[in-house]
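So the chains spell out like this:
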Amino acid sequence: MKTFLFVGLLLTCAGCGSSDKNPAASEPSATAPTAVGAPTAAAKIYRWKMITTWPKNLPGPGTGAERLAEMLRKMSNGRLDIKVYGAGELVGAFEVFDAVAEGSAEMGHGAAYYWRGKLPIAAMFTTVPFGMTAQEMNGWLRYGGGMELWRELYAPFDLVPLAAGNTGAQMAGWFNKEINSLADIQGLKMRIPGLGGEVLARAGGVPVAVPGGEVFTALQTGVIDATEWVGPYNDLALGLHTAAKYYYYPPWHEPGPTLEALVNKTAYDALPNDLRAMIEVAAQAVNDDVLSDFTAHNIAALETLVEEYGVEVRALPADVLAKFKSVSLEVVEEAAGESELARRIYDSYMTFYAGVKRYHRLTEQAYLEIR
Ligand code: CA
């Protein structure tokens, strides 16, 4: 809420803050321009639909999408009025990309790695196994050239992507049996999307694509033996602890996944400049807010899982992690081979990652080890 108010004040007062310095600006005049953000009687109202890959109001990703719409409604004084739909309400979770591209909804909220079947390299804009953290992803997207490449990748689909949430490093997931060695991964059916799913396959497991709203049932009925989802706050809300007993770490597969907002480019281009600017700023605010939401709420949720529900937290064994890591390098590099643009995305990510890893060894990483 504080984040929202701060951003809202910034924007709605962008045009009125100058009145202190220029007394003339506050004098009534029939021809004075309307302050930015204040609607006139003739202000056009844009009523949009935002379809999401999440169950309606799912804590974290789902509430993040709602907050994005709420921010935009308030920042624009109701001129951009967006109604949010959960997965399955208008289209299924995995149909969001196509539906926004076709314009049947103006906006979407999900994650780029869900479109891996169509665009394998898109997964790099969500997360890369053994790749960058949330802080590092934000640095690459905003100041390392990542966002420009993401927009280039989606342009042929008439889509504008925005970073709009990050869960932080996730848990490795829920397993209905103990994983003691690489042998236990063989034939294991696990819900795990993106590049992580391909890594699991090469290590002998069987990745299964299941949207968030169906993960619990799939795990409970034995359609899958294991699932990763997000972390304690979100996993508790889905009730995953009632379908599997073992909760594994570390997050080898999703060290800091970025959630995405999609905007239909034709609808985006039809907006006045101020509303477009609000979308950029609100997405950035939500990108930060979702990470804060997870960081704050994961703490108590993990305690609840362990102390009230008897969940057993376990570390993945070293041989499993070593296999995943060695396979990850080849999986990610193969995704780069699909096109010239995919190669540029891969090179940009890897160059930034190598640099930030060197620097963070002396700073973030060194600090976490000594504190
Ligand atoms: Ca996940």
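Before reading on, note that the structure itself is shown above.
Residues numbered from 1 in each chain as written. Predicted model: local features only at pLDDT ≥ 70, side-chain atom pairs only at ≥ 80, totals over all residues. Heavy atoms only, no water.

## Some details on the packing of aromatic side chains
Applicable threshold: Each Phe, Tyr or Trp ring (for Trp, its six-membered ring) is paired with any other whose centre lies within 6.5 Å, and the angle between the two planes then decides the class: stacked below 30 degrees, edge-to-face above 60, tilted in between. Working definition: helices are DSSP H or I runs of at least four residues, strands are E runs of at least two. Numbering for both runs from the N terminus. The classification of residues rests on relative accessible area computed with a 1.4 Å probe and restricted to protein chains. Under 20% of the type maximum is buried, over 50% is exposed, and intermediate values are partly exposed. Note on criteria: charge over ring means Lys NZ or Arg CZ within 6 Å of the ring centre, with the direction from the centre no more than 35 degrees off the ring normal.
This model, assessed by the stated rule, comprises 18 aromatic pairs. Relative to Tyr154, the ring of Phe97 has its centre 5.2 Å away and its plane inclined at 90 degrees; by these criteria the two rings are edge-to-face. Residue Phe97 is located in helix H3 (residues 96–102), and its partner Tyr154 is located in helix H5 (residues 146–154); the two are separated by 57 residues in the primary sequence. Ring centres of Phe175 and Tyr248 lie 5.1 Å apart, and the angle between their planes is 75 degrees; this geometry places the pair in the edge-to-face category. Taken as a pair, Phe175 in strand S5 (residues 173–175) and Tyr248 in strand S9 (residues 246–249) lie far apart in primary sequence, 73 residues in all. Considered together, Phe175 and Tyr248 belong to a single accessibility category, that of buried residues. Lying across the ring of Tyr46, Lys44 places its NZ or CZ 5.0 Å from the centre. Here Arg276 stacks its cationic end above the ring of Tyr268, 5.8 Å away from the centre of that ring.

## With respect to the environment of Thr133
We count it as follows: By the convention used here, residues are in contact when the closest approach between their heavy atoms is within 4.5 Å.
With respect to the element layout, Thr133 can be found in the loop between strand S3 (107–110) and helix H4 (134–143). Setting aside residues no more than four positions away along its own chain, Thr133 makes contact with Pro255 and Gly256.

## Re the coordination of the calcium ion
Each donor-metal-donor angle would ideally measure 109.5 degrees in four-coordinate tetrahedral geometry, or 90 or 180 degrees in six-coordinate octahedral geometry. As a reminder of what qualifies: Coordination partners: N, O, S within 2.8 Å of the metal, 3.2 Å for Na, K and Ca; water not considered, so apparent gaps in a site are possible. Irregular is the default label, applied whenever a site is not tetrahedral (four donors, all angles between 85 and 135 degrees) and neither square planar nor octahedral (four or six donors, opposite donors over 155 degrees apart, all other angles between 65 and 115).
At this site the calcium ion is bound by Gln170 (OE1), Glu228 (OE), Glu228 (OE), Trp229 (O), Glu254 (OE) and Glu254 (OE), with donor distances of 2.1 to 3.1 Å. Geometry at the calcium ion is irregular, judged from its six donor atoms and the angles of 44 to 168 degrees they form at the metal. Mapped onto the sequence, the donors of the calcium ion take the spacing Q-x57-E-W-x24-E. Residue Glu228 is located in the loop between strand S8 (226–227) and helix H8 (232–238), and its partner Glu254 is located in the loop between S9 and strand S10 (258–264); the two are separated by 26 residues in the primary sequence.

## Quick look at the pairing of S9
Operational definition: Two strands qualify as a pair provided that DSSP identifies no fewer than 2 bridges between them.
Looking at chain direction, S5 and S9 are connected through three bridges and run antiparallel. Across the sheet, residue Gly173 finds its bridge partner in S9, namely Tyr248. Strand direction decides the pairing type here: S9 and strand S11 (residues 312–315), joined by four bridges, are parallel. The partner of Tyr248 across the bridge, within S11, is Arg314.

## Considering helix H2 (residues 61–75)
Filter applied, for reference: Take the number of residues in a helix, subtract one, and multiply by 1.5 Å to get its expected span.
With 15 residues, H2 should reach 21 Å at 1.5 Å per residue; the first-to-last C-alpha distance of 21 Å fits that figure. Those residues of H2 not exposed but buried are Pro61, Gly62, Thr63, Gly64, Ala65, Leu68, Ala69, Met71, Leu72 and Met75. Remark: Asn77 follows H2 within two positions and exhibits a positive phi of approximately 55 degrees.

## Concerning a positive patch on the surface
Rules: Exposure above 30% relative accessible area and the absence of a salt bridge qualify a residue for a patch, where like charges join within 9 Å and nonpolar side chains (Val, Leu, Ile, Met, Phe, Trp, Tyr) within 5 Å. Areas reported as accessible are Shrake-Rupley estimates using a 1.4 Å probe. Residue values count occlusion only from the protein chains shown. When a carboxyl oxygen of Asp or Glu lies within 4 Å of a side-chain nitrogen of Lys or Arg, that pair is called a salt bridge. We treat Lys and Arg as the positive residues and Asp and Glu as the negative residues; His and chain ends play no part in the count. The atom standing in for a charge is NZ when the residue is Lys, CZ when it is Arg, CG when it is Asp and CD when it is Glu.
On the surface, a cluster of positive charge is contributed by Lys325, Lys357, Arg358 and Arg361. At three residues, helix H12 (residues 340–362) tops the list of elements feeding residues into the positive patch. Secondary-structure assignment places Arg361 in helix H12. Arg361 gets classed as partly exposed once you look at its relative accessible area, which sits at 47%.

## Let's talk about the nonpolar core
Selection rule: By nonpolar core we mean a set of buried residues, namely Ala, Val, Leu, Ile, Met, Phe, Trp, Tyr and Cys, connected to one another through side-chain atoms within 4.5 Å.
Formed by 114 residues in total, the largest nonpolar core has its most connected members in Trp48 and Tyr154. Take this core: its biggest share by element is eleven residues, from helix H10 (residues 273–308).

## Quick notes on the sheet that holds S11
Taken in spatial order, the six strands of this open sheet run S7-S6-S8-S5-S9-S11, and their pairing is mixed. Each edge of the sheet is formed by a strand with only one pairing partner; in this case those strands are strand S7 (206–208) and S11. The pairing of strand S6 (residues 189–191) with S7 spans three bridges and is parallel. Bridge pairing in S7 links Arg191 to Val208.

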